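Summary of structural features
One-letter residues, chain by chain:
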Amino acid sequence: MQLNATDIRKALPWDRLIEALNDIFTKAVCAPVRHHHSINVPNDPQATLLLMPAWLEGEYLGVKLVNVFPGNNLRGLPGLNSHYMLSSGKTGQPLAQLDANELTALRTAGASAMASGFLSREDASSLLMVGAGRMARYLISAHMSVRPIRTVRVWNRNEAAAKTLVDELLAEGVNAQLCPVAQLEIAVGQADIVSCATMSTAPLVQGAWLKSGAHLDLVGSFTPTMRETDNTAMQRCQVFVDVRAGALSETGDLIIPIREGAITEAAIQAEFSELCRGDHLGRAALDDPLNAITLFKSVGDSREDLAAAVLAYQQAGGTE
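Just so it is clear, the structure is predicted and the values come from calculations on it, not from any experiment.

What to know about the overall build of the protein
Regarding its fold elements, the protein presents 11 helices and 14 strands. Taking 2.2 N^0.38 as the reference for a compact globule, 320 residues should give roughly 20 Å; the C-alpha atoms of the protein span a radius of gyration of 19 Å, in line with that estimate. Dimensions of the protein, computed from C-alpha atoms along their principal axes, come out at roughly 55 × 50 × 45 Å. Counting across all 320 residues of the protein, residues that qualify as buried make up 52%. Contacts in the protein between residues at least 24 apart in sequence constitute 69% of all its contacts with a sequence separation of at least 6. With an accessible surface of roughly 13,800 Å², the protein has 51% of that area assigned to carbon and sulfur atoms. In the protein, which carries 26 positive and 34 negative side-chain charges, the distance between the mean positions of the two groups comes to 3 Å.

Some thoughts on helix α5 (residues 159-171)
Compared with an ideal rise of 1.5 Å per residue, which puts 13 residues at 18 Å, α5 spans 18 Å between its outermost C-alpha atoms and is within 8% of the ideal. Among the residues of α5, A162, L165, V166 and L169 are the ones counted as buried. End-on, the buried residues of α5 take up no more than an arc of 105 degrees, which puts them together on one face. Contact partners of the buried residues in α5: α4 (134-146), β8 (151-155) and β9 (176-178).

Some remarks on the packing of helix α2 (residues 14-24) against helix α3 (residues 100-119)
Geometrically, a packed helix pair is captured by the angle between its two axes and the distance between the axes. Across the interface, α2 lies against α3 with an axial gap of 9 Å and an inter-helix angle of 75 degrees. Relative to α3, the element α2 is oriented roughly perpendicular. Residue-level inspection shows W14, L17, I18, L21 and N22 of α2 in contact with α3, the latter providing L106, R107, A109, G110, A111, A113, M114 and F118. Residues of the contact of α2 with α3, tallied by class, amount to 10 nonpolar, 2 polar and 1 charged.

Brief notes about α2
Three or more residues of α2 are buried, namely W14, L17, I18, A20, L21 and I24. Here the buried residues of α2 occupy an arc of 160 degrees about the axis, which is enough to place them on one side. When the buried face of α2 is taken as reference, the exposed residues oriented beyond 90 degrees from it are D15 and E19. Check the buried side of α2 and you find it contacts β3 (47-56), α3, α4 and α11 (302-315).

Side note on the nonpolar core
Core analysis: the largest hydrophobic core is formed by 69 residues, its most contacted members being L12, L86, L98, V154 and L306. Ranked by residue count, the leading element in this core is α3, at 10 residues. By size, the runner-up hydrophobic cluster in this structure holds 28 residues, among which are L184, I263, I293 and L295.

Observations regarding the environment of C196
Among the structural elements, C196 can be located in strand β10 (residues 193-196). The spatial distance from the C-alpha of C196 to the C-alpha of T229 is 9.1 Å, given a sequence separation of 33 residues. Not counting residues within four places of it along the chain, the set of residues in contact with C196 comprises M129, V130, V205, L216, D217, L218, V219, G220 and E228.

A word on the packing of α2 against α11
Two elements in contact, α2 and α11, have axes whose closest approach is 9 Å; the angle formed by their N-to-C orientations is 130 degrees. Classed by the angle they form, the pair α2 and α11 counts as oblique. With respect to the hand of their crossing, α2 and α11 are arranged in right-handed fashion. For the pair α2 and α11, contact is made by R16, L17, A20, L21 and I24 and by R303, E304, L306, A307, A308, L311 and Q315, respectively. Residues belonging to the contact of α2 with α11 are distributed by class as follows: 8 nonpolar, 1 polar and 3 charged.

Concerning the sheet that holds strand β6 (residues 94-99)
Pairing is mixed across the open sheet formed by 6 strands, whose spatial order is β1-β6-β5-β4-β3-β2. In this open sheet, the two edge strands, each paired with only one partner strand, are β1 (2-3) and β2 (35-39). The sheet contact formed by β2 and β3 spans 5 bridges and is antiparallel. Among the inter-strand pairings, S38 is bridged to a residue of β3, identified as T48.

Overview of the sheet that holds strand β12 (residues 238-241)
Pairing in this open sheet of 8 strands is parallel, and the strands run β9-β8-β7-β10-β11-β14-β12-β13 from one edge to the other. Two strands lie at the open edges of the sheet, namely β9 and β13 (268-271), each paired on one side alone. Neighbour to neighbour, the strand axes of the sheet diverge by 20 degrees on average, direction disregarded. This element, α3, spans β10, β11 (215-218), β12 and β14 (294-297) of the sheet and lies at about 155 degrees to β14.

Things to note about the packing of aromatic side chains
Applying the stated criterion to the full structure yields 3 aromatic pairs. Site record: aromatic cluster; members linked through ring pairs are F25, F272 and F296.

Here is what the cut-offs are and how they apply
Residues numbered from 1 in each chain as written. Predicted model: local features only at pLDDT ≥ 70, side-chain atom pairs only at ≥ 80, totals over all residues. Heavy atoms only, no water. Helix = DSSP H or I, 4+ residues; strand = E, 2+ residues; numbered from the N terminus. Rg over C-alpha atoms; globule rule 2.2 N^0.38 Å. Buried < 20%, exposed > 50% of the residue type's maximum accessible area, 1.4 Å probe, protein only. Contact = heavy atoms within 4.5 Å. Areas by Shrake-Rupley, 256 points an atom, 1.4 Å probe, with all protein chains shown as cover. Lys, Arg positive; Asp, Glu negative; His and termini not counted. Charge placed at Lys NZ, Arg CZ, Asp CG, Glu CD. Expected span 1.5 Å × (residues − 1). Arc of directions from axis to C-beta. Axes fitted to C-alpha atoms, helices over the stretch in contact; angles between N-to-C directions. Parallel < 35°, antiparallel > 145°, perpendicular 65-115°, else oblique. Nonpolar A, V, L, I, M, F, W, Y, C, P; charged D, E, K, R; others polar. Core = buried A, V, L, I, M, F, W, Y, C linked by side-chain atoms within 4.5 Å. Left-handed = near helix turned anticlockwise from the far one by under 90°. Pairing = 2+ DSSP bridges. Phe/Tyr/Trp six-rings, centres within 6.5 Å; stacked < 30°, edge-to-face > 60°.

Structure below.
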């Protein structure tokens, strides 16, 4: 079975996807550390092969393959290509090949929405989207599926890109507004939920700007030198992550403030496995649930890929 991007979008509505993500983090999943392999390409920059396996014993085995070829930019080709292979955990027989670009985007946004369900206030009605790229489109839709969002504001360094996204949202019936580049501080201070998906290497959202009861969703930083918020945010917020091990080793949003002594690893209140099992009740368990400021940092995990791939396969009519 082959599932393209359109097939996957149809198979993964937010409610079903979030349910599957929640379920996978309550199970005993084998998820080895991702493999990084450098590949020499004649007359081109070095390429990278990433392998991200995960399996449920006796059920499903999956692996995401990501090929990063920087030299493709000069050819007018995408620099990143990925696909997901799903196999039977009983026989090893291949079951499906899925478009991993779409799968990853959906599971990433779904993870943020699931975190919001645990951490944002139930009456959160305003969303600020920082970033206007591909992920922003998924994140807005996902956040709107779990909270009664009435207003969406979009900020981007390139204001034209933000306006394009706002126009798209308006055409879809979303009450969307453009946030001028110079008014990020004001917009952050007014938002119930702030979601960031950028390639920034310097803090964009300042912790001092966040209002009481706000929720900050950080998606963009995936290397130790990238960050979207500052040390103050990490100190003011109740911090949650998808996976502790990955967050502490991969994202500058945590690595930098820990290195600078602003926080320690103990600042992380819980990870997905604890939230999904009910070991930590999220916002409800905090000392001041109405006014506490929460922060969720995602780095992605192969369990999320597996959950999304299995759901898409089953929705398409596949069986073990």
